[in-house]
Amino acid sequence: MKYYIIVGEASGDLHASHLMQALSDRDPEADFRFLGGDNMTGVGGTRVRHYRDMAYMGFVPVLLHLPAIAMNMKRCRHDVINWNPDVLILVDYPGFNLDIAKYVRRHSDIPIYYYIAPKLWAWKEYRIKNIRRDVDQLFSILPFEKDFFEGRHNYPIHYVGNPTAAEVGKFRSRYDETPEGFRARYDLDKRPIIALLAGSRKQEIKDNLPMMLKVACEHSHDYQLVLAGAPGIDRDYYDRFVCDCHVKFVNNDTFALLMHADAALVTSGTATLETALFHVPQVVCYETPLHKIIGWLRKKVIKVPYVSLVNLIAGREVVPELVADSFTEDNLRARLQSILPGGDARETMLSGYEYVENVLGQNNAPEETARIMLSLLRKNTH
């Protein structure tokens, strides 16, 4: 079968690559065409465009790149229709993907499957009408989304398990590097490690890393600070924020870093769940340039009580969240101290992580998704 897949960021590229592999295992004639990244390219098929050429974050960057965004959208729409796949698979990235779904629905009979459901429960719930109209099958990776889509909106979905849990579990089962080997590979000493995960986009790094470094550097006598480089972000970009603080750099090797970290400061996103699944106590950070406005919106407009996946899955606060106006130097200092070895919040957080893992379940998300997708597609072709 012919599969056209669209992702818009690093996490989507990773998740989609595993789905592609699972589809290939079940469909020897699988032919992929995609907008994606290096992980998807490694599986095979034809990459039309790299997601880095499409990912703009924040009001001003989006405004400045509107012509490029419009051109990418137009090219993608026409490419999908011209290639005429057996299925269009959209992966997260709703601002772009829901527009593509609308166009493809109007101009073709191509089935549209959505893997990693848009987070309508947090923002823009009105988009459910777009989902109803344009998406044939919705695949969720968060267990509480079943109640939202089916209970609240009477729209059936497939909960397939969480791909991050599958990816972390697979990595941990195969990882055999000793702490000594990891430290030697990155020229680290024997001090315990505070990991810094500042996000996957330049705007996130710019907003969050300076405060993370300022507070973490206060512990540099007893701990070594290790910064996790994100895919597609050059080392030079990080260096402009490091200044006088002695920080080691691990490029595109975050899972290995989390295997050996003792605590972490993490920008909100998929990395918060990854950190929890590696059992590393963390403080969730999310600064924005308009922090007072965002803080107000979070209290008055946004419909969920938490921003981190860890707390959303647990349905309670497992990890502290310092978001917008609460992301201050004093708050970060106190929270970090509380999760370091001997800190008063450390063991309670680790216990909370066990609960999150139980809620996620044991399904292998890409394998389960591939199984359901192929069953539906083959059924519809007979």
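Read on for an overview of the structure. Predicted, not measured: the structure shown is a model, and the values here were computed from it. (Residues numbered from 1 in each chain as written. Predicted model: local features only at pLDDT ≥ 70, side-chain atom pairs only at ≥ 80, totals over all residues. Heavy atoms only, no water.)

So, helix 17 (residues 346–360)
And step 1. For helix 17, which comprises 15 residues, the first-to-last C-alpha distance of 22 Å matches the rise-based estimate of 21 Å (1.5 Å per residue) to within 8%.
And step 2. Every buried residue of helix 17 is accounted for by Arg346, Met349, Gly352, Tyr353, Val356 and Leu360. Seen along its axis, helix 17 keeps its buried residues to an arc of 115 degrees; they face one direction. Along helix 17, the residues that are exposed and aim more than 90 degrees away from the buried face are Glu347, Thr348, Glu354 and Asn358.
And step 3. Where helix 17 is buried, its residues contact strand 7 (158–159), helix 8 (163–174), helix 13 (270–277), strand 12 (282–286), helix 15 (309–314) and helix 16 (329–339). (Helix = DSSP H or I, 4+ residues; strand = E, 2+ residues; numbered from the N terminus. Expected span 1.5 Å × (residues − 1). Buried < 20%, exposed > 50% of the residue type's maximum accessible area, 1.4 Å probe, protein only. Arc of directions from axis to C-beta. Contact = heavy atoms within 4.5 Å.)

Remarks on the pattern of salt bridges
And step 1. Per the stated rule, a full pass over the model turns up 20 salt bridges.
And step 2. Between arginine 191 and aspartate 189 there is a salt bridge whose closest N-O contact spans 2.9 Å.
And step 3. Of the charged contacts, one joins glutamate 204 and arginine 201 as a salt bridge, the two residues approaching to 4.0 Å between their closest N and O atoms.
And step 4. The exposure class of glutamate 204 is buried, given its relative accessible area of 7%.
And step 5. If you follow the salt bridges from partner to partner, you end up with Lys214, Glu218, Glu329, Asp330 and Arg333 in one network. (Salt bridge = Lys/Arg side-chain N within 4 Å of Asp/Glu carboxyl O.)

Some words on the state of the cysteines
And step 1. Within the structure shown, the criterion is met by one disulfide.
And step 2. Here cysteine 217 is linked by a disulfide to cysteine 245, with a sulfur-sulfur distance of 1.5 Å. Between cysteine 217 and cysteine 245, the S-S dihedral sits near -115 degrees, and the bridge is therefore left-handed. With cysteine 217 in the loop between helix 10 (202–216) and strand 9 (224–229) and cysteine 245 in the loop between helix 11 (235–242) and strand 10 (247–251), this residue pair connects regions lying 28 residues apart in the sequence. (Disulfide = S-S within 2.5 Å.)

Re the sheet that holds strand 7
And step 1. If you trace the seven strands from one edge of the open sheet to the other, you get 3-2-1-4-5-6-7, paired in parallel fashion. Only two strands of the sheet have a single partner each, and these edge strands are strand 3 (46–50) and strand 7.
And step 2. Where strand 1 (residues 2–6) meets strand 2 (residues 31–36), five bridges bridge the pair, whose relative direction is parallel. If you follow tyrosine 4 over to strand 2, its bridge partner there is arginine 33. (Pairing = 2+ DSSP bridges.)

A short note on the nonpolar core
And step 1. Core analysis: the largest hydrophobic core is formed by 128 residues, its most contacted members being Ile5, Ile6, Leu88, Ile89 and Tyr115.
And step 2. Sequence-distant contacts of isoleucine 89, that is, excluding residues within four places in its chain, are made with Tyr3, Tyr4, Ile5, Ile6, Leu19, Leu23, Tyr113, Tyr115 and Met373. (Core = buried A, V, L, I, M, F, W, Y, C linked by side-chain atoms within 4.5 Å.)

Overview of the packing of helix 10 against helix 16
Helix-helix packing: each pair is described by the crossing angle between the helix axes and the interaxial distance.
And step 1. Taken N-terminus to C-terminus, the directions of helix 10 and helix 16 make an angle of 55 degrees; their axes are 10 Å apart at the nearest point. With respect to their mutual orientation, helix 10 and helix 16 come out oblique. Of the two elements, helix 10 crosses helix 16, and the hand of that crossing is right-handed. Of helix 16, the residues touching helix 10 (which contributes Met211, Met212, Lys214, Val215 and Ala216) are Glu329, Leu332, Arg333 and Leu336.
And step 2. Tallied by class, residues from the contact of helix 10 with helix 16 come to six nonpolar, no polar and three charged. (Axes fitted to C-alpha atoms, helices over the stretch in contact; angles between N-to-C directions. Parallel < 35°, antiparallel > 145°, perpendicular 65-115°, else oblique. Left-handed = near helix turned anticlockwise from the far one by under 90°. Nonpolar A, V, L, I, M, F, W, Y, C, P; charged D, E, K, R; others polar.)

Looking at the packing of helix 1 (residues 10–26) against helix 8
And step 1. Closest axis-to-axis distance for the helix 1/helix 8 pair is 11 Å, and the angle between their directions is 75 degrees. It follows from the interaxial angle that helix 1 and helix 8 lie roughly perpendicular. Residue-level inspection shows Leu14, His15 and His18 of helix 1 in contact with helix 8, the latter providing Pro163, Thr164 and Glu167.
And step 2. Split by residue class, the contact of helix 1 with helix 8 holds two nonpolar, three polar and one charged.

Some remarks on unusual backbone geometry
And step 1. A positive phi is found at lysine 124, a non-glycine position, where the angle reads about 60 degrees.
And step 2. With respect to the element layout, lysine 124 can be found in the loop between strand 5 (112–115) and helix 6 (128–134).
And step 3. The phi torsion at histidine 279 lies on the positive side, around 65 degrees, for a residue other than glycine.
And step 4. Within the secondary structure layout, histidine 279 lies in the loop between helix 13 and strand 12.

Digging into the environment of valine 266
And step 1. Note on placement: valine 266 falls in strand 11 (residues 263–267).
And step 2. Assessed through its relative accessible area of 0%, valine 266 is described here as buried.
And step 3. Distance in space between the C-alpha atoms of valine 266 and alanine 198 is 5.9 Å, their sequence separation being 68 residues.
And step 4. For valine 266, the contacting residues outside a window of four places in its chain are Leu197, Met212, Ala271, Thr272, Thr275, Gln282, Val283, Val284 and Cys285.

Overview of the pairing of strand 8 (residues 193–197)
And step 1. With five of five residues buried, strand 8 is to be regarded as a mostly interior element.
And step 2. The two faces of strand 8 match: Ile193, Ala195 and Leu197 on one face and Ile194 and Leu196 on the other face are all buried.
And step 3. Sheet analysis places strand 8 next to strand 9, joined by four bridges and oriented parallel. From the neighbouring strand, alanine 195 faces strand 9, where its bridge partner is valine 226.
And step 4. A crossover connection joins strand 8 to the parallel strand 9 through helix 10; in handedness this β-α-β unit is right-handed. (Right-handed = clockwise from strand over helix to strand, strands pointing away.)

Notes on the packing of aromatic side chains
And step 1. Scanning the entire structure with this criterion turns up 13 aromatic pairs.
And step 2. Centre to centre, the rings of tyrosine 4 and tryptophan 83 are 6.1 Å apart; their planes meet at 65 degrees, and the pair counts as edge-to-face. Of this pair, tyrosine 4 sits in strand 1 while tryptophan 83 sits in helix 4 (residues 66–83); the two residues are 79 residues apart in sequence, bridging distant segments of the chain. As far as burial versus exposure is concerned, tyrosine 4 and tryptophan 83 are alike and both buried.
And step 3. Members of the aromatic cluster, connected to one another through ring pairs, are Phe171, Tyr175, Phe255 and Phe278.
And step 4. Across the ring face of tryptophan 83, the terminal group of lysine 2 is positioned such that the distance to the ring centre comes to 4.7 Å. (Phe/Tyr/Trp six-rings, centres within 6.5 Å; stacked < 30°, edge-to-face > 60°. Lys NZ or Arg CZ within 6 Å of the ring centre and 35° of its normal.)

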